[in-house]
Amino acid sequence: MVHLSFARYASIGFLGLGNMGKHMATNLIAANHQVKIFDVNPQALDHFKDQKEAKVVSVPQNAIEGSEFIVLMLPNGKVVRDVCQSNVFPVAKNGTCIIDCSTIDVRTSQEMAEVAHSKNVGFVDAPVSGGITGAQKGTLTFMVGAQADDFKKVEPILSKMGKNIVHAGPNGSGLIAKICNNLLLGISMIGTSEAMNLGIKLGLDKEVLAKLINSSTGQCWSSQTYNPCPGIVPTVPSSNDYNGGFASEMMIKDLLLALDAAKEVQASTPLTEKATDVYRKICSSGLSKRDFSVVFKYLNEQ
Ligand code: NAD
């Protein structure tokens, strides 16, 4: 039986140290938690080479054994299911709590929560918003689907990685919120790119256009914080040839999650369908690994 102190310095197993996970784990380590990290891709662990406090393990079981919390930051629902079934459930002890921060379908998450609860293991879906910058700065928004007692346990851990920790409702609720948010993000990024591309082609200076949009009614996160036109915001992927960030193929994944969910409840989503087509074309033009703001470059080169 894991000794559950839920103390300030909890022991945490962290699986999935990609674009987001590496920064989130770094923030947990900086907050003095004992963090054991595992990733199937050894290159993902390079980030921790100079972090003495990071305990890199070579098999996932070593990250899970004895940990009070298991954080998952994995690419999709299939991987989360495989990792839960093959790695986490056989090893996690009574009272451990799994915090799945990946963006996956609601049904897989609820099924994993049910299995976990039947083993007296906690499970929360805690997908995030805020991108890589938010992960780096520890300012993510966590949308949490959880039983009330699990939410109480995970809140202090999540607060080391984010600044808005919202209990959205029972298991699955965090993912419902996340899927709806990303549907909007996918569409707004295309809208921002279309507007920037058109204005520039009509002869307006890109900085002037961005400034005017950002003080007018078209302003949104995609225009203000993450502008897709290179050179407007120097620290975001568009200013780094669209490297890093949130891959276009990941955006398709999220839009398909929204479309599947919409089908279940017969909600109308015409723009989500159109946006999915646009990102599909971007991916088949060889840009699938580039940040989703690459839609600007794609439109610009049409
Ligand atoms: P990523 O592909 O960079 O990272 C995923 C990591 O999981 C990789 O390092 C991969 O090697 C690892 N992995 C795969 N299978 C594994 C396994 N069986 N065991 C351990 N590790 C395994 O993806 P990311 O951009 O960090 O996104 C992770 C999740 O967060 C996704 O679900 C994504 O939709 C979501 N998300 C991403 C962003 C973003 O801006 N990148 C923002 C919000 C949410």
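Residues numbered from 1 in each chain as written. Predicted model: local features only at pLDDT ≥ 70, side-chain atom pairs only at ≥ 80, totals over all residues. Heavy atoms only, no water.

Participant: Can you break down the domain arrangement of the chain residue by residue, with the values?
Facilitator: By a widespread convention, an interface's size corresponds to the accessible area lost as its parts come together. Parsing the chain into structural domains produces domain 1 (4-170) and domain 2 (176-300). Taking the mean C-alpha position of each, domain 1 and domain 2 sit 28 Å from one another. Note on domain 1 versus domain 2: buried area summed over both sides is about 1100 Å², and carbon and sulfur give 64% of it. The largest share of the area that domain 1 buries against domain 2 comes from Thr103, Val106 and Met143, three residues that together contribute 37% of it. For the pair domain 1 and domain 2, the interface holds one salt bridge. Between Arg107 and Glu264 there is a salt bridge, with its nearest N and O atoms 3.3 Å apart. Inspection of the region where domain 1 meets domain 2 yields five residue pairs in polar contact (both at pLDDT 80 or more). Within the residue set of the side of domain 1 that touches domain 2, elements represented by two or more residues are helix 4 (106-118) and strand 7 (128-129). Residues that form the side of domain 1 that touches domain 2 fall into these classes: seven nonpolar, four polar and two charged. (Domains from an automatic or database assignment. Buried area = accessible area lost by both parts, 1.4 Å probe. Salt bridge = Lys/Arg side-chain N within 4 Å of Asp/Glu carboxyl O. Polar contact = N/O pair within 3.5 Å; in protein donor to acceptor, adjacent residues only side chain to side chain. Helix = DSSP H or I, 4+ residues; strand = E, 2+ residues; numbered from the N terminus. Nonpolar A, V, L, I, M, F, W, Y, C, P; charged D, E, K, R; others polar.)

Participant: Which residues make up the pairing of strand 6 (residues 122-125), and what values do they have?
Facilitator: A two-sided burial pattern is seen for strand 6, the buried positions comprising Gly122 and Val124 on one face and Phe123 and Asp125 on the other. Two strands pair when backbone bridges link them, and strand 5 (residues 97-100) and strand 6 are joined in this way by four bridges, in the parallel orientation. Each residue of the ladder has a partner; that of Ile98, found in strand 6, is Phe123. The parallel pair strand 5 and strand 6 is bridged by helix 4, and the resulting crossover is right-handed. (Buried < 20%, exposed > 50% of the residue type's maximum accessible area, 1.4 Å probe, protein only. Pairing = 2+ DSSP bridges. Right-handed = clockwise from strand over helix to strand, strands pointing away.)

Participant: I'd like to hear about the layout of surface pockets, residue by residue, with values.
Facilitator: In this structure, the largest pocket encloses a volume near 1100 Å³. In terms of lining residues, the largest pocket is bounded by 46 residues, among which Asn19, Met20, Met73, Phe246 and Met250 are the most central. When contributions to the lining of the largest pocket are tallied by element, the ones reaching two or more residues are helix 3 (77-88), strand 7, helix 5 (131-137), helix 7 (173-201), helix 9 (221-224) and helix 10 (248-265). Here the element with the most residues in the lining of the largest pocket is helix 7; it accounts for six residues. Residues of the lining of the largest pocket, tallied by class, amount to 24 nonpolar, 16 polar and six charged. (1 Å grid on protein atoms, 1.4 Å probe; cavity = no way out; pocket = protein on both sides within 12 Å on 5 of 7 lines; lining within 4 Å. Points joined across faces, edges and corners; volume = space filled by probe spheres on them.)

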